[in-house]
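Now for the letters of each chain:
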Amino acid sequence: MDVVITFLPLLIGWTLDLLFGDPARLPHPIVWFGKMIGFCERRFNHGNYRRLKGGLTSIMLIAGVFGATWILLKIISGYVWLDVAVQAVLVFYCLAGTTLIKEVRLVFRAVDVSLEAGRRQVGRIVGRDTANLSAHEIRTAALETLAENLSDGVIAPLFWYAILGVPGMVAYKMVNTLDSMIGYRNERYGEYGFVAAKIDDYANYVPARLTAFLMVVAAGRPSLLAFVNMFGRKHASPNSGYPEAALAGILDCRFGGTHDYFGESVYKPYIGVHQRDFIYADVERAISVNRKAEVLMIALALGVRLLFLL
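Since the model is a prediction, treat every value here as computed from it, not as a measurement.

Caption draft 1: Molecular detail of the state of the cysteines. In this structure the tally under the stated criterion is zero disulfides. Note on Cys94: no disulfide assigned, nearest cysteine sulfur contributed by Cys40 at a separation of 19 Å. Cys94 sits in the buried class, given a relative accessible area of 5%.

Next up, the structure:
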């Protein structure tokens, strides 16, 4: 019975994500994380020692949400079903697989209607400038984001759940939110967000490679591991290239090239070799691989947690 109770929060939280995706009409911890990060950034991102101030702030926020979650779960641990419910809700909030899948499907449908509709839709999920994207570039951006999100939004949270339980999962979401808000190499955030970006790199190092491994296994293509190893390291990010390379190998396509960010052109090395147009069947195949990899990671996370109980 103890084993079943231990596994229930993850299974319930994951099922809720499959059914509902991000709860747009409910309060979301990530919004609160963003407000905390924004408050600290306005308070400390000026003057001297910005890297030190940003680093200490990032570490305190990550440790703070880990500690707060751990204390909360400790307080309610004597109330079994309340404990299960709270943990399940936190797992639900920490997983972000279903919403992105829905958004990517909408991108492919929108671009079939018109370029403008496709550009507006893909602009909801990517950081690059979308005003001048071609139909092929719109579809490519959506697929690249789908691969990256499998790592950041699903596999990495589950990895940290396996290692540190729900508090670790919540702390990872703070890491990821910090990087998405202040982890940029520009004048405003280059110093203040330096440590946050590095922590995110380290936190995703294993999950990104694990994501690529699970993807090729899910696709029944373990022979692609050499392809992933060759192209994954070409990305400017130390991690994002691995899931992208896995999907490029599975779809026999090519990602990368020159993209515009905030009015500046940024060249990204090509991942894959076969330049080809995408059709709707490609996004469905990619989604199928994502879902299968997700199931494999759920099983792996449960297995690791079981070891901690033995």
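Back to the text.
Caption draft 2: Summary view of the packing of helix α3 (residues 50-75) against helix α7 (residues 135-182). Here α3 crosses α7 at 150°, and the two axes come no closer than 8 Å. Taken together, the axis directions place α3 and α7 in an arrangement best described as roughly antiparallel. Regarding α3 and α7, the two cross each other, and that crossing is right-handed. Contacts from Ser58, Leu61, Ile62, Val65, Phe66, Thr69, Trp70 and Leu73 of α3 reach α7 at Leu164, Val166, Pro167, Gly168, Val170, Ala171, Met174, Val175, Leu178 and Ile182. Grouping the constituent residues of the contact of α3 with α7 by class yields 15 nonpolar, three polar and no charged.

Caption draft 3: Examining α7 more closely. In a regular helix each residue adds 1.5 Å, so 48 residues correspond to 70 Å; α7 covers only 31 Å between its end C-alpha atoms and thus falls short of that length. Its axis deflected by about 140° at Leu164, α7 carries its strongest bend there, up to four residues before the proline Pro167.

Conventions adopted
Residues numbered from 1 in each chain as written. Predicted model: local features only at pLDDT ≥ 70, side-chain atom pairs only at ≥ 80, totals over all residues. Heavy atoms only, no water. Disulfide = S-S within 2.5 Å. Buried < 20%, exposed > 50% of the residue type's maximum accessible area, 1.4 Å probe, protein only. Axes fitted to C-alpha atoms, helices over the stretch in contact; angles between N-to-C directions. Helix = DSSP H or I, 4+ residues; strand = E, 2+ residues; numbered from the N terminus. Parallel < 35°, antiparallel > 145°, perpendicular 65-115°, else oblique. Left-handed = near helix turned anticlockwise from the far one by under 90°. Contact = heavy atoms within 4.5 Å. Nonpolar A, V, L, I, M, F, W, Y, C, P; charged D, E, K, R; others polar. Expected span 1.5 Å × (residues − 1). Bend = angle between axes of the 7 residues up to and from the residue.

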